[in-house]
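# Structural description and commentary
The chain contents come next:
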Amino acid sequence: MTGDRSEWEPKIVGFLCNWCSYAGADLAGQSRLEYPPNVKIIRVPCSGRVNPLFVLKCLSSGVDGVLISGCHTGDCHYSEGNFHARRRFTILRKLFEYLGIDPKRFQMAWVSASEADKWAKLVKGLVEEIRQAGPNKLGHR
Amino acid sequence: MKYAYYPGCSLHSTAKEYDLSTREVAKALGIELIEIPDWICCGATPAHITMHLLSLALPVKNIIKARAMGSYEIVTCCAACFSRLKTANYFMRTDDEHRQKVEQIVGEPYKGEVKVRHFLDVLVNDFGLKNLKGNLVKELKGLKVACYYGCLLTRPPEITELDDLEDPHLIDDLMRTIGVEPVQWPYKTECCGASFSLTKTDIVLKLSCDILQMAYDEGAQAIVVACPLCQSNLDLRQSTINKKYKKDFNLPIFYFTQLIGLALGIDGKKLGLDKHIVPPAALLGEKDKLAKI
Amino acid sequence: MKIGVFVCHCGTNIAATVDVEKAAKAALNLAKVKFSTTYKYMCSSPGQALIKDAIKEKGLDRIVVCACSPSLHEKTFRECLKESGINPYLLEIANIREHCSWVHRDRETATRKAIEIMKLAVTKVTHNRPLEKTHMPIEKRVLVIGGGISGIQSAIDISFAKFPVVIVEREASIGGRMARFDKTFPTLDCAACILTPKMVTVAQNKYVTLHTYAEIEEVTGHVGDFKVKIRKKARFVDTSKCTGCGACWNKCPAKVASEFDLGLCKRTAIYTPFPQAVPNIPVIDRENCLYLKSKKCGLCQKVCPFGAINYQMQDEIIEEKFGAIIVATGFTQFDHSVYGEYGYGKYRDVITGLHFERMANSSGPTGGKIIRPSDGKVARDVVFIQCVGSRDEQKGVSYCSRLCCMYTAKHALLLKEHNPDSQAYVFYIDIRAAGKNYEEFVKKVQNEYGAVYLRGRVSRIFEKGGKLIVRGADTLSGAQIEIKADLVVLAVGLIAQNDAAKLAQMLHIPYDQNNLFTEAHPKLAPVETITSGVFLTGACQSPKDIPDTVATASAASVKALGLLVQDQLEKEPLVARVDKNLCSGCQACIKACSFNAIETKEVEDRALKRKRTVAEVIEGVCSGCGNCTAVCRMSAIDLEGFSNRQIMEEIEVL
């Protein structure tokens, strides 16, 4: 475990759907919005592609926070993938609470392809929250 | 039927007759109004144009006092008190930041909403028009009135949640029930000038004159109100208006509770009908509607 | 396996913040990376040549390009791989521009992050498999939903290319909104004079089939192969026998308010919506027909010389196949009865712009007289109120309906022409007259036709002494004004059809908070939707005037034709696949699939020595969303290009 808090930087994995959130993050780049580098993006076709195992894998391998971001309700490119994701998220988060994992470490957001600003703000806020939560003690790294 | 009653400052002073008639009507109908002990002013217009937080803190203090009485809803008659109490509830409910600040000011927790009701709403929706009709001693037949709601009762709708925003009808419904004929007129929710009465009287004279004129043109013999400030502007300023605009208005301005009181057979004096500036005796007497003033 | 990593400078876009040389060097430390280099513009011809040469010289078999977002150049580099003889799907893009160099300032931090992004891509490419695009046949017919001017124009354009096209229109006649208009701005062409010939053209066109009085019941399938169920509502009139002579509607005793004329006059229960209806064949409105209600009457059947009336007729559902769908469902108008200040829709002399159009029309309910509906008196002082329902977040919609400024100006002009003694007053917020000759038109109405324009809102309308008192603010002079008007015309906004969301869900196309259909890209794909093969035209997407509607109709037709002229459709192979040995046949994936792309199949299980049911993906239908993979408890179903293993390993290397 990291001893010195001041050197520790939150490590966050973001699963971004290809059609909305990934494109929103692209737009943030095109708009040159600055945000912290802590979120590593894994592109998925749809937020509904995210298998709960991926999230468990992240948290068990020392990632400090996990974000799933997809299209707004009604906007899903595949019509209802984000609904599947949302339902799965709710249950998974309950499980984490039960397991004593700070639910802050697992978050979900809706960012459309035009919401660059929202994306940048989301990342800033998320990094801050995870920083507050401290290092993920499940991590073996 | 029990309610925490918040009369407000006007009903203890300039609108004494509104308070009297409300209590009389409530008593006659078996509606129990328990005055909130040690209530304070809601702040009305002066508070909310001075300081937003103060304008929330004052009504919140009263809401907290009401809660201490048990699980009653608050009933108020004054349109301004109604508006301020509802506004306070709204902000406390929807805005955490405001709630925290106000709780700090009043020094105790808000602990959630106590529902605020206008007496109109209680009469029509809790007591019921049918029930009221059953309690009447007589009907005030032959009287044509303009029901005037003013600007505060229905606005803003997301806060007041009372009646139809542009074409309210609660007073009309009550009047029809007691045999009074409400005229159709377009100025139900116009502003009378309200608290400009003291600072910019000219504005009030003009606006109130327009209201009196429209009521008169549409054939009303009197105006029925549910707000102490409306009553005072239309009643108290009527002679000045007549002088300034060369008019000859002689329109008594009643509280809805006073006419309901008469229909319930309550003595006119008990309803404060002697406290009006424009004397209603002629209108009521000539039609033999008035027991005694 | 030999992976090559190519790091792009993108001029200074990447190189200014990311130490590209350092990143390229770091790549060589990663497993299986045999080569790495940088170049100023990797997407340019020399950049691509660099990749091709490296593939040949170093024998590379998988490529990672560290550059801009895959949405820009993934296609480019796939093509580049293909030309070098490597399967194009053995490529990964590391997005080190949009997601790194452009959002970070500190060089060291950005370089570190770029290397991490690269690491993810290298990990992922290790497990990419060579894939081939699939091909599907195309049903060479187009469905146009909606028979207004946009649907008519689309059908005509498609028929030029000699492809069959079917129009489904829910009303008894095609023509839509435009058929109700009197004149069109800014040229004052008579709407019927320019529309009617097009209606006739489309009806006589041998490539066009019209289904009027019909609605879409169900849409399944996908681009190239949409299966559409169409409900043909019972007309109770045999279209093969009827000649449109009118004997029936002249005798029909049941009179109801005409929808076409917005209740300004009556129609009969057997009717055509308007005299120029196409087809000119009536329908019987089953709610109001005396015979259908109570078996009394039957007059139309008696008077019909051709025996065309059939009271026993039933709705019929037909199923047809199409390669592409054009959505041209148009708009409806905002219901102003939510505006208490305008009288909750109770005042008869407070009308909408469309009522005004009908009155101004010489074949309309008043014979071209602009009058007060309440007493039939000629309207002299007429107040027009703009932005009713538009630009009003509280009671209406937040957007500008775009045409009201123009049609109100047109109405003010028509009023003067019809009633020379009249005076028009127009309350507006802003005048939005952006269009060819539009601003000039408004100026003309103000200067030559004397319309008084007042910048401000109307706070109240009420009746007094037989007049409508309109009270409003003139914000330019700062005065409150009252106008005694004979007639008030509300420029109500354009909103989505009531059932727009339902249709969108049927078609799997997105729609916005106002139920307007969403285009694939607001600038570069304005008539496409993200659902391949479904195109948009006209006001179902956003308020549009006639020229814009016609332009999008032609644009949508070209897009549809672009599909139809292909021999076969190419389809991305990034689809789900089932490992039959792992599949337990639980069918959870089938429930998770929005596209009906998974079927069950019996396979012979040799170990169990019996048949077993497993899931199977229909490759042509699968859209590659991967929702099935997340529900599979056996991990038997996986997604090409985003496999479980790829994502798990990406997480591991982080």
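Residues numbered from 1 in each chain as written. Chains lettered and ligands numbered in written order. Predicted model: local features only at pLDDT ≥ 70, side-chain atom pairs only at ≥ 80, totals over all residues.

### Thoughts on the overall build of chain C
Applied cut-off: Helix numbering and strand numbering both begin at the N terminus, where a helix is a DSSP run of H or I of at least 4 residues and a strand a DSSP run of E of at least 2. Neighbour counting defines burial: a residue surrounded by 20 or more other C-beta atoms within 10 Å of its own C-beta is buried, one with 12 or fewer is exposed, and intermediate counts give partly exposed, using backbone-placed C-beta atoms. Distance between backbone-placed C-beta atoms decides contact: two residues are in contact if it is within 7 Å.
The secondary structure content of chain C amounts to 18 helices and 34 strands. Considering only C-alpha atoms, chain C reaches an extent of 90 × 70 × 40 Å along its principal axes. Split into buried and exposed, the 654 residues of chain C put 48% on the buried side. Within chain C, contacts between residues separated by at least 24 positions form 70% of all contacts whose residues are at least 6 apart in sequence.

### Here we look at the sheet that holds strand 7 (residues 222-225) of chain B
All names here are of chain B. We count it as follows: What makes two strands pair is DSSP finding at least two bridges between them. Angular values range over 0 to 180 degrees, each being the angle between N-to-C directions of two axes fitted as lines to C-alpha atoms, with helices fitted over their stretch in contact.
Spatially, 6-5-7-8 is the arrangement adopted by the 4 strands of the open sheet, whose pairing is parallel. Where the open sheet ends on each side, the last strands, each with one partner, are strand 6 (181-182) and strand 8 (253-255). Relative to strand 8, strand 7 is paired through 3 bridges, and the arrangement is parallel. Counted as the bridge partner of Val225 is Tyr255 from strand 8. Sitting on the sheet, helix 12 (residues 228-236) touches strand 5 (144-148), strand 7 and strand 8, and the angle it makes with strand 8 is about 160 degrees.

### Regarding the packing of helix 2 (residues 16-29) of chain B against helix 14 (residues 256-263) of chain B
Residue and element names in this part refer to chain B. Rules: For classification purposes, an angle smaller than 35 degrees is called roughly parallel, one larger than 145 roughly antiparallel, one from 65 to 115 roughly perpendicular, and anything else oblique. Each crossing is labelled by how the near helix is turned from the far one, with a counterclockwise turn of less than a right angle marking it left-handed and a clockwise turn marking it right-handed. The residue classification treats Ala, Val, Leu, Ile, Met, Phe, Trp, Tyr, Cys and Pro as nonpolar and Asp, Glu, Lys and Arg as charged. All others, Gly included, are polar.
With their axes 8 Å apart at the nearest point, helix 2 and helix 14 run at an angle of 40 degrees to one another. It follows that helix 2 is oblique to helix 14 by the angle criterion. In the packing of helix 2 onto helix 14, the handedness of the crossing is left-handed. Between helix 2, through Glu17, Tyr18, Ser21, Thr22, Glu24 and Val25, and helix 14, the contact on the second element is made entirely by Thr257, Gln258, Ile260 and Gly261. For the contact of helix 2 with helix 14, the per-class residue count stands at 3 nonpolar, 5 polar and 2 charged.

### Quick word on the nonpolar core
This is how the line gets drawn: To define a nonpolar core, we join buried Ala, Val, Leu, Ile, Met, Phe, Trp, Tyr and Cys residues through C-beta atoms within 7 Å and take the resulting set. In this entry, domain limits derive from an automatic or database-based domain assignment.
In this structure, C:Val327, C:Phe384 and C:Val488 are the most contacted members of the largest nonpolar core, which totals 133 residues. With 9 residues, helix 12 (residues 404-418) of chain C is the single largest residue contributor to this core. Formed jointly, this core draws a minimum of three residues from each of two domains, domain 2 (142-330 + 534-564) and domain 3 (332-495) of chain C. In this structure C:Phe384 touches C:Thr408, C:His411, C:Ala412, C:Ala424, C:Tyr425, C:Val426, C:Phe427, C:Val489 and C:Ala491, once residues within four positions along its chain are discounted. Within the second largest apolar cluster, 115 residues are counted, among which are A:Val13, C:Phe77, C:Cys100 and C:Ile598.

### Considerations on helix 11 (residues 201-217) of chain B
Every α-helix carries 3.6 residues per turn, so stepping three or four residues along brings you back to the same face. Residue and element names in this part refer to chain B. Heads up, the rule is: Helix span, expected: 1.5 Å multiplied by one less than the number of residues in the helix.
Taking 1.5 Å per residue, 17 residues should reach 24 Å; helix 11 reaches 24 Å between its end C-alpha atoms and fits that length. Within the sequence span of helix 11, burial applies to Val204, Leu205, Leu207, Ser208, Cys209, Ile211, Leu212, Met214 and Ala215. If you follow the buried residues of helix 11, they end up packed against strand 5, helix 10 (196-199), strand 7, helix 12 and helix 13 (238-244). Downstream of helix 11 by a residue or two, Gly219 has a phi angle that is positive, lying close to 95 degrees.

### A few points about the domain arrangement of chain C
In many reports, interface size means the accessible area that the parts give up when they come together. By domain assignment, chain C separates into domain 1 (3-126), domain 2 (142-330 + 534-564), domain 3 (332-495) and domain 4 (572-653). With centres defined by C-alpha atoms, the gap from domain 3 of chain C to domain 4 of chain C works out at 60 Å.

### Quick word on the domain arrangement of chain B
All names here are of chain B. If you check the domain split of chain B, you get domain 1 (2-118) and domain 2 (129-286). One C-alpha centre belongs to domain 1, the other to domain 2; they are set 24 Å apart. Taken together, the contact pairs 23 residues of domain 1 with 25 residues of domain 2. Elements with a minimum of two residues in the side of domain 1 that touches domain 2: helix 1 (8-11), helix 2 and helix 5 (79-94).

### Thoughts on the sheet that holds strand 7 (residues 165-168) of chain C
Residue and element names in this part refer to chain C. If you trace the 5 strands from one edge of the open sheet to the other, you get 10-7-6-18-29, paired in parallel fashion. In this open sheet, the two strands that pair with only one neighbour each are strand 10 (208-211) and strand 29 (534-536). Direction aside, neighbouring strands of the sheet carry axes that sit 20 degrees apart on average.

### What to know about the packing of helix 4 (residues 52-68) of chain B against helix 5 of chain B
Residues and elements named next belong to chain B. Contact pair helix 4 / helix 5: the axes reach a minimum separation of 8 Å and the direction vectors enclose 95 degrees. In terms of orientation, helix 4 and helix 5 fall into the roughly perpendicular class. On helix 5, the residues that touch Ser55, Leu56, Pro59, Val60, Asn62 and Ile63 of helix 4 are Arg84, Leu85, Ala88, Asn89, Phe91 and Met92. Split by residue class, the contact of helix 4 with helix 5 holds 8 nonpolar, 3 polar and 1 charged.

### Remarks on helix 12 of chain B
Of all 9 residues that make up helix 12 of chain B, 8 are buried, and the element is covered over most of its length. Among all positions in helix 12 of chain B, only B:Pro228, B:Leu229, B:Cys230, B:Gln231, B:Ser232, B:Asn233, B:Leu234 and B:Asp235 are buried.

### A few points about the interface of chain A and chain C
Each side of the interface is counted separately: chain A has 38 residues, and chain C has 34 residues. Within the residue set of the side of chain A that touches chain C, elements represented by two or more residues are helix 1 (21-30), strand 2 (39-44), helix 2 (52-60) and helix 3 (81-99) of chain A. Top element by residues in the side of chain A that touches chain C is helix 1 of chain A. It accounts for 6 residues.

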